[in-house]
Amino acid sequence: MVTSLNTFSARPRRASGAIRVAFAAAVMAVAACLLPHGPAAAQSRIKDIADIEGVRDNLLVGYGLVVGLNGTGDSLNNAPFTEQSLVAMLERLGVNSRGSRLRTDNVAAVMVTANLPPFSRQGSRVDVRVSAIGDSESLLGGTLLVTPLLGADGEIYSVAQGQVAIGGFSAQGQGASITRGVPTVGRIASGAIVEREVPFAFDNLDSVTIALRNPDFTTAQRVSGAINAFMGAEISKATDPASVRVAVPAQWRGDVAGLMTEIEQLRVQPDQVAKVVIDENSGIIVMGENVRIDTVAIAQGNLTIRITETPQVSQPGPFSQGQTAVVPRTTIEIDEDKDRKLAVLPKGVSLQELVDGLNMLGITPRDMISILQAIKAAGALQAEIEVM
């Protein structure tokens, strides 16, 4: 009986198996009833809406040479940095080429980029991306020579080398040419070996900060409430719209990874501001579910003038002195869209009702953009409009 009380106490010990699963399910069921989360289907895991502060990728970049190209490399006359790099590389290999005029077109200068994942260990491999910086036509069939990749601090963290695979191609003849994709950009799968690790003692932390990907006060408070309900103690607090600080309990010291494994599986319903995103170039409109409007009347119509030219031939009578002439005939039609009515959208309609009401007017997405902007200008749209 004592063991059972300790397992389900306010500060649960690190139980395992079915007991922990049952306890977590019971706590989350109570939390779902207490917190205004809405339907369970709309809930998301914390790991899907937030990141752990300090657990991040690191960007790497390097400069290298791709060799073995079939005449599609840089023109050394137009890319002097390629020639200088080639000469320097040959000198490091014991070949003296200074003073000679190199005319090869099988070499291309490239920039090599990669993302170093968090907690990457020495000897592990990462993917790299290769991009030409000269006038090379294609990197097809090329091989990247040993290229050190540097971080923001100037230190070398990995070394890349390997066969470049590209997703495009280019072909040409005397009268035509075709290019599909981008043949001057390639990729080397697992092409870089990690040589230096980024130190981060995660398990020695006393507190962990959860960073929301979409900052929001309500979402941050719900995340904090879900964590406190699961742990049975006030161990977390929303410090700002983007951060939730979690204090590591004593029973989880030295096993912060295990604690975050439990926390990131908790489910909350993210909140969002009412926003309408508009892309005028493509006519795309995206509206959030919280978009509301006050009572407003909308009428939409366009004046269309259609001019048709149908020239006719005027043929003179037989034995007359007249000449054949082309007589212009112009037909003008005016369409004022008289069938378009004034529609009234009542106050506080939902997103579906708003879309249905605008669709009843028979308008196109581009016209809907103008209407939404006009509703916002009238002060009836209770949402933020973001134009891309």
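The structure presented is a predicted model; accordingly, all values stated were derived computationally and were not measured.

Caption draft 1: A look at helix α8 (residues 365–377). The terminal C-alpha atoms of α8, which comprises 13 residues, lie 18 Å apart, in line with the 18 Å expected from a rise of 1.5 Å per residue. Burial in α8 covers these residues: Met-368, Ile-369, Ile-371, Leu-372 and Ile-375. Seen end-on, α8 carries its buried residues on one side only, within an arc spanning 170°. At the exit of α8 stands Gly-379, carrying a positive phi of roughly 80°.

Caption draft 2: Fine view of the sheet that holds strand β2 (residues 50–52). Pairing in this open sheet of 4 strands is antiparallel, and the strands run β2-β12-β14-β13 from one edge to the other. Strands with a single pairing partner mark the edges of an open sheet, and in this sheet they are β2 and β13 (236–240). When strand polarity is set aside, the average angle formed by the axes of neighbouring strands in this sheet is 30°. In the sheet, β2 pairs with strand β12 (residues 207–212) via 3 bridges, with the strands oriented antiparallel. Paired with Ile-52 across the bridge in β12 is Ile-210.

Caption draft 3: View of the packing of aromatic side chains. Overall, the coordinates contain 3 aromatic pairs when judged by the stated rule. Both rings, one in Phe-119 and one in Phe-200, keep their centres 5.9 Å apart while their planes meet at 20°; by these two values the pair is stacked. A residue pair is termed long-range when its members are at least 10 positions apart, and Phe-119 in the loop between β4 (108–116) and β5 (125–132) and Phe-200 in the loop between β11 (185–194) and β12 qualify at 81 residues. Exposure remark for Phe-119: the relative accessible area of 35% places this residue in the partly exposed category. Taking relative accessible area as the criterion, Phe-200 reaches 31% and is therefore assigned partly exposed. Relative to Phe-202, the ring of Phe-119 lies with its centre 6.2 Å away and its plane at 75°, an arrangement referred to as edge-to-face. Placement of Phe-119 in the loop between β4 and β5 and of Phe-202 in the loop between β11 and β12 is noted, with a sequence separation of 83 residues between them. Given a relative accessible area of 11%, Phe-202 falls into the buried group.

Parameters and conventions
In this numbering scheme, every chain counts its residues from 1 along its sequence in written order. For a predicted model such as this one, the threshold for reporting local features is a pLDDT of at least 70, and the threshold for listing and counting side-chain atom pairs is 80 or more; totals across whole chains, interfaces and linings nevertheless cover every residue. Side-chain figures throughout are based on the complete set of non-hydrogen atoms in the structure, without hydrogens or water. Strands are runs of DSSP state E lasting at least 2 residues, helices are runs of H or I lasting at least 4, and numbering of each runs from the N terminus. Helix span, as expected, comes to 1.5 Å for every residue beyond the first. The buried label goes to any residue with under 20% of its type's maximum accessible area, the exposed label to any with over 50%, and the partly exposed label to all in between, with areas taken from a 1.4 Å probe on protein chains only. Arc definition: it is the arc formed by the directions from the helix axis to the C-beta atoms. By this definition, two strands are paired if DSSP reports at least two bridges between them. Axis definition: a line fitted to C-alpha atoms, limited for helices to the stretch in contact. Angles are taken between N-to-C directions and run from 0 to 180 degrees. When two rings of Phe, Tyr or Trp (its six-membered ring) have centres within 6.5 Å they constitute a pair, described as stacked for plane angles under 30 degrees, edge-to-face for angles over 60, and tilted for the intermediate range.

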